[in-house]
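Below are the chains, spelled out letter by letter.
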Amino acid sequence: MKKLIVANWKMNPQSIAETKRIFSVVKKGIKNIKNVEVVICPPFTALSSIQYQVSSIKLGAQDCFWEEKGAFTGEISPLMLKNLGCEYVIVGHSERRKYLKETDEMINKKIKAAIIAKLKPILCIGETLEERKKGKTFKVLNEQLKRALNHLPTHLLNHLIIAYEPVWAIGTGQACDTLEAKKVILFLRKSLKKTPVLYGGSVNSKNAVSYVKDYNPPTTLPLAKGERAPAAFDGLLIGGASLKRKEFIKIAKAIST
Ligand code: PGA
């Protein structure tokens, strides 16, 4: 199975010219890379400037609304994104939960609407530092998942991607310890058997490989040929490092081998 790397450009860059520059350098840089699917999620305003250049690179958005059309000032529907060539959409990023007060209930509606529009939602979940210190990580993740996936038929879990992004690791330079992150993926795999799970939070070219390769114990189950390792993430969600073209290409190369 191909590893997935998703670039979350957040509210960057500020000009279309720079958008095109980063995009074309990355596109060239990853041209011969096998076994990795690269998704770039620029701001909404940049989507149309690169939509016709996507081929080896897939396009994603950073958010969507839950209605298809109508009087919802300022919102963007999943159908609009699909019509712009998007295949993926990030939903429930912790920055939206924090600054826009997005709730799991809103996120649940967005996921359903995205799937109806044939987009692949990338659902972000993660605990705060306080929750981790109190030993509540699994409880928090479980609750976020339960509410965000409420009433989603089981077969649709295959249309979804989960990104485990500990809130305290995002943009801080303090990536989650690999073994700690792997405890989380083993926990998530108990309920999400086939759903791909990404890791996000201060990923760089030095730590990227450790999340997607099953170097460390515990690999407790014997794997059949071609089966994914239970303690390895299926890919990465990358913020800051995805805007540094060379660094991003380095990450893609590192995880492709
Ligand atoms: P970061 O961001 O890689 O800059 O920590 C990750 C994210 O917010 O998705």
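A few points on the structure.

## Some remarks on the overall build of the protein
A tally of regular secondary structure across the protein gives 10 helices and 8 strands. Computed over the C-alpha atoms, the radius of gyration of the protein is 17 Å, within 12% of the 18 Å expected from 2.2 N^0.38 for a compact globule of 257 residues. The dimensions of the protein, computed from C-alpha atoms along their principal axes, are 45 × 40 × 35 Å. Split into buried and exposed, the 257 residues of the protein put 52% on the buried side. The contacts of the protein with a sequence gap of at least 6 include a subset with a gap of at least 24, amounting to 76%. On the protein, roughly 12900 Å² of surface is accessible, and the fraction owed to carbon and sulfur atoms is 56%. Charge separation in the protein, taken as the distance between the mean sites of 43 positive and 22 negative side-chain charges, equals 6 Å.

## As for helix H7 (residues 137-148)
Taking 1.5 Å of rise per residue, the 12 residues of H7 would be expected to cover 16 Å, and the 16 Å separating its terminal C-alpha atoms lies within 8% of that figure. All buried positions along H7 are accounted for by Thr137, Val140, Leu141, Gln144, Leu145 and Ala148. One face of H7 carries all of its buried residues, which in axial projection span an arc of 130°. Those residues of H7 that are exposed and aimed more than 90 degrees away from the buried face are Lys139 and Lys146. Considering only its buried residues, H7 is in contact with helix H4 (94-99), helix H5 (104-116), strand E5 (120-125), helix H6 (129-133), strand E6 (161-164) and helix H8 (178-191).

## Some remarks on the site of the ligand
In the vicinity of the ligand, 13 residues are found, and the nearest of them are Lys10, His93, Glu165, Gly171 and Ser202. Between the ligand and Gly240, the relevant distance is 2.8 Å, taken from an oxygen atom to a main-chain nitrogen or oxygen of the residue. Relative to its unbound accessible surface of 280 Å², the ligand loses 95% to contact with the protein. Split by residue class, the shell around the ligand holds 4 nonpolar, 7 polar and 2 charged.

## Overview of H5
The end-to-end C-alpha distance of H5 is 18 Å, a good match for the 18 Å that 13 residues give at a rise of 1.5 Å each. The complete set of buried residues in H5 reads Asp104, Ile107, Asn108, Lys110, Ile111, Ala113, Ala114 and Ile115. The positive-phi residue at the C-terminal boundary of H5 is Lys118, with phi of around 65°.

## Digging into the nonpolar core
Ile5, Ile111, Leu123, Leu149, Leu188, Tyr199 and Leu236 are the most contacted members of the largest nonpolar core, which totals 62 residues. Examining the composition of this core, we find that 5 residues originate from one element, H8, more than from any other. Setting aside residues no more than four positions away along its own chain, Ile5 makes contact with Val36, Glu37, Val38, Val39, Leu236, Ile238, Phe248, Ala252 and Ile255. Formed by 12 residues, the second largest nonpolar core is a distinct cluster that contains Leu4, Ile90, Ile122 and Cys124.

## Some remarks on the pairing of strand E8 (residues 235-238)
Going residue by residue along E8, you find Gly235 and Leu237 tucked away on one face and Leu236 and Ile238 tucked away on the opposite face as well. Where strand E7 (residues 197-200) meets E8, 3 bridges bridge the pair, whose relative direction is parallel. Each residue of the ladder has a partner; that of Gly200, found in E8, is Leu237.

## Looking at the pattern of salt bridges
Scanning all chains against the criterion turns up 16 salt bridges. A salt bridge links Asp63 to Arg96, with the nearest nitrogen and oxygen atoms 3.0 Å apart. Taken together, the residues Asp63 in the loop between strand E3 (57-61) and helix H3 (78-83) and Arg96 in helix H4 connect sequence positions 33 residues apart. On the basis of relative accessible area, Asp63 is assigned to the buried category, the value being 4%. A salt bridge links Glu180 to Lys183, with the nearest nitrogen and oxygen atoms 2.9 Å apart. Here Lys183 and Glu180 lie together in helix H8, a separation of 3 residues that amounts to about one turn. Looking at Lys183, the relative accessible area reads 46%, which means it is partly exposed. One network of salt bridges, in which partners are shared, links Asp63, Arg96, Glu102 and Lys110.

Definitions and cut-offs
- Every chain is numbered on its own, with residues counted from 1 as its sequence reads.
- In view of the model being predicted, local features appear only for residues whose pLDDT reaches at least 70, and side-chain atom pairs are presented and counted only at 80 or more, with totals across whole chains, interfaces and linings using the full set of residues.
- Note that water and hydrogens are dropped before the side-chain values are worked out from all heavy atoms of the structure.
- Helix and strand assignments follow DSSP, with helices taken as H or I runs no shorter than four residues and strands as E runs no shorter than two, numbered in order from the N terminus.
- C-alpha atoms define the radius of gyration, and 2.2 Å times the number of residues to the power 0.38 defines the globule rule.
- Partly exposed residues are those whose accessible area sits between 20% and 50% of the maximum for their type, while under 20% is buried and over 50% is exposed, using a 1.4 Å probe and protein chains only.
- Here, two residues are considered to be in contact whenever any of their heavy atoms come within 4.5 Å of each other.
- Note on areas: Shrake-Rupley with a 1.4 Å probe; residue coverage comes only from the protein chains shown.
- Within this scheme the basic residues Lys and Arg register as positive and the acidic residues Asp and Glu register as negative, but His and the chain ends are omitted.
- Note that the charge is assigned to NZ on lysines, CZ on arginines, CG on aspartates and CD on glutamates.
- A helix is expected to span 1.5 Å multiplied by its residue count minus one.
- Working definition: the arc comes from the directions between the helix axis and the C-beta atoms, pointing outward to the latter.
- It suffices for a single heavy atom of a residue to lie within 4 Å of a molecule or strand for the residue to be listed as near it.
- Pairing of N or O atoms within 3.5 Å defines a polar contact, subject to two protein rules: one partner must be a possible hydrogen donor and the other a possible acceptor, and residues neighboring in sequence count only if both atoms are side-chain atoms.
- Residues are sorted three ways: Asp, Glu, Lys and Arg are charged, Ala, Val, Leu, Ile, Met, Phe, Trp, Tyr, Cys and Pro are nonpolar, and all the rest, Gly among them, are polar.
- For the purposes of this section, nonpolar cores are sets of buried Ala, Val, Leu, Ile, Met, Phe, Trp, Tyr and Cys residues that join through side-chain atoms within 4.5 Å.
- By the convention used here, strands pair only if DSSP detects at least 2 bridges between them.
- Salt bridge criterion: a side-chain nitrogen from Lys or Arg within 4 Å of a carboxyl oxygen from Asp or Glu.

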